[in-house]
Amino acid sequence: MSSSVASPMAGGSGGGVAGRGSGKATSFIPELQSMMFALGDSRRPLHETAALVEDIVHTQLINMLHQAAEVSLLRGARVISAEDILFLMRKDKKKVRRLLRYMQFRDYKSKVMKTVEDEDPADQDKYSSSNLNKRKRLAQDFLASIDQTGEFLALLDEEEVDDVKQERMERMERQSRNMDMAQYTEFCESRQLSFSKKASKFREWLDCSSLEVKPNVVSMEILSYLAYETVAQVVDLALLVKQDMTPKAGDPFNHAVSATFIHYHNSAAEVHSVKRETDSPDNTPPSTPSGPLTAALQGKLPSLAHGNGAPQAQSQSQQEANSKAKQRKRKKSAAACGVEAQSSAIQPAHIREAIRRYSHKIGPLSPFSSAYRRSGMTFLAC
């Protein structure tokens, strides 16, 4: 599998994506916002950030589908199967092991669902047939056919703790500590979202009908799993970048900020600053000041302060001035709350910087390697 794909970030966060039709209406942005919230983003992730993540995931899966179709044609198959995707992922042992565990889980879930739906649970003859653990056995047979050193077969028996999964679970636990009942309910619903639960929409999103060699059911399960893993990995990397870019008191390395990140951050900040300037309450003309107090009213002020005399009605101009001042305060507080909510969310600049760092190769020949192309992006799923 090639080490880089066409980057959706070449034309900005809303730019076109390689292999994606310009008139395509199918979008996973609302679902992606919920997924990102469950993976560590703020409660209301930014729409432009979710759109950028969607472009990245879509680009990666489209390129993977095309390469899997080439592998399928080379071996003379009529459909894209799990073997073709496993062959593309063979170089990353950790992700292959993670995929094998997912396939085992799918087998176990299928077995449980059949047991629940079966009218006679005592009859277990069907579970001893070839349908039991078919995904695990399919992957095992294929990996045995390409395994020369025994490393792939050893992955099936490894029981090591997945550090990446463990870190995500701990982050979710910390994230849910201060939630109320409504927030925690929304959080649990977001955690249950996946691409596999909307299989028809997912196939339409990938435009599988236009492929010469189409993926089968098991390969679509794997692609939906890889799509979610890509979203999770992008969020993981973006959170690291966000933490890295947050200034800390007493940090002697605050000045060591990536020039690329500054470029992305400034370009995005300029666009938002222009919009804020046009909508800012500070740009509204000041209210007309009221006239000076009369001598009679000034004389009555001390008596009013001590509770003597009847309260005097304010003039209409003073009431208008006070109401406008209150409106400006409310607008400023609402704008401050909005800026604070946006500052806690993952920004598109964090995503771009994370992908840049992930694709960067350090070495004397890195500028000449294919993985270092400025117009390309390294695969995240495999």
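Residues numbered from 1 in each chain as written. Predicted model: local features only at pLDDT ≥ 70, side-chain atom pairs only at ≥ 80, totals over all residues. Heavy atoms only, no water.

S.K.: Which residues make up the overall build of the chain, and what are the values?
M.R.: Looking only at helices and strands, the chain features 14 helices and four strands. Considering the chain as a whole, with its 382 residues, one finds that 36% of them fall into the buried category. The contacts in the chain between residues at least 6 apart in sequence include a share of 75% that link residues at least 24 apart. (Helix = DSSP H or I, 4+ residues; strand = E, 2+ residues; numbered from the N terminus. Buried < 20%, exposed > 50% of the residue type's maximum accessible area, 1.4 Å probe, protein only. Contact = heavy atoms within 4.5 Å.)

S.K.: Account for the nonpolar core, with residues named and values stated.
M.R.: Of all hydrophobic cores here, the largest spans 66 residues; its most connected members are F195, F202, L206, L223, V231 and I351. Ranked by the residues each element gives to this core, the list is headed by helix α10 (residues 217-245), at 14 residues. F202 has contacts with F28, L61, F195, M220, L223, S224 and A227, leaving out every residue within four places of it along the chain. (Core = buried A, V, L, I, M, F, W, Y, C linked by side-chain atoms within 4.5 Å.)

S.K.: Let's hear about the packing of helix α1 (residues 29-38) against helix α8 (residues 181-191): which residues, and what values?
M.R.: Axis separation between α1 and α8 bottoms out at 8 Å; the angle between their running directions is 110°. Put simply, α1 runs roughly perpendicular to α8. Along this stretch, α1 crosses α8, giving a crossing that reads as left-handed. Here α1 contributes S34, F37 and A38 to the contact with α8, which in turn contributes E186, F187, S190 and R191. Residue classes in the contact of α1 with α8 are distributed as three nonpolar, two polar and two charged. (Axes fitted to C-alpha atoms, helices over the stretch in contact; angles between N-to-C directions. Parallel < 35°, antiparallel > 145°, perpendicular 65-115°, else oblique. Left-handed = near helix turned anticlockwise from the far one by under 90°. Nonpolar A, V, L, I, M, F, W, Y, C, P; charged D, E, K, R; others polar.)

S.K.: Give a detailed account of the side chain of E221, specifying residues and quantitative values.
M.R.: Within the secondary structure, E221 sits in helix α10. Residue E221 is classed as buried on the basis of its relative accessible area, which comes to 13%. Looking at E221, its side chain comes within polar contact range of the side chain of R135, at 2.9 Å. Residues in contact with E221, not counting those within four places in the same chain, are Y102, R106 and R135. (Polar contact = N/O pair within 3.5 Å; in protein donor to acceptor, adjacent residues only side chain to side chain.)

S.K.: Can you explain the environment of V96? Please cite residues and give values.
M.R.: Inspection of the secondary structure puts V96 in helix α4 (residues 93-117). Once the C-alpha coordinates of V96 and L155 are considered, the two residues, 59 residues apart in sequence, prove to be 8.0 Å apart. Every residue in contact with V96, bar those within four places of it in the chain, is listed here: M89, R90 and L155.

S.K.: Hey, could you go over unusual backbone geometry for me, with residue numbers and the actual values?
M.R.: Non-glycine residue D207 carries a positive phi angle of around 55°. Within the secondary structure layout, D207 lies in the loop between α9 (199-206) and β3 (214-215).

S.K.: I'd like a description of the pattern of salt bridges, backed by residues and values.
M.R.: Opposite charge on two side chains permits pairing when their charged atoms draw close. One pass over the structure, following the stated rule, counts 20 salt bridges. Ionic pairing is found between D162 and R98, a salt bridge with its closest N-O pair at 2.8 Å. Taken together, the residues D162 in the loop between α6 (151-155) and α7 (163-175) and R98 in helix α4 connect sequence positions 64 residues apart. An identical accessibility class is assigned to D162 and R98; each is buried. Salt-bridge contacts for R98 lead to E229; the nearest nitrogen and oxygen are separated by 3.6 Å. Taken together, the residues R98 in helix α4 and E229 in helix α10 connect sequence positions 131 residues apart. Across the pair, exposure class does not vary: R98 and E229 are buried alike. (Salt bridge = Lys/Arg side-chain N within 4 Å of Asp/Glu carboxyl O.)

S.K.: Got a sec to walk through the packing of aromatic side chains? Specific residues and values, please.
M.R.: Considering all chains together, one arrives at nine aromatic pairs under this definition. Centre to centre, the rings of F28 and F202 are 6.5 Å apart; their planes meet at 75°, and the pair counts as edge-to-face. Of this pair, F28 sits in the loop between β1 (4-6) and α1 while F202 sits in helix α9, and the two are 174 residues apart along the sequence. A relative accessible area of 1% means that F28 is categorised as buried. For F202, a relative accessible area of 1% puts it in the buried group. Here the aromatic rings of F195 and F202 are separated by 5.6 Å at their centres, their planes lie at 50°, and the arrangement is tilted. The ring of F87 carries the charged tip of R90 above its face, separated from the ring centre by 3.9 Å. It is K201 that lies over the ring of F28; its NZ or CZ is 4.6 Å from the centre. (Phe/Tyr/Trp six-rings, centres within 6.5 Å; stacked < 30°, edge-to-face > 60°. Lys NZ or Arg CZ within 6 Å of the ring centre and 35° of its normal.)

S.K.: Which residues make up the environment of L239, and what are the values?
M.R.: Looking at where L239 falls in the secondary structure, it is placed in helix α10. With 199 residues separating them along the chain, L239 and G40 place their C-alpha atoms 7.8 Å apart. Excluding residues within four positions of it along the chain, L239 makes contact with L39, G40, R171 and I346.

Keep in mind these values describe shape, not function.
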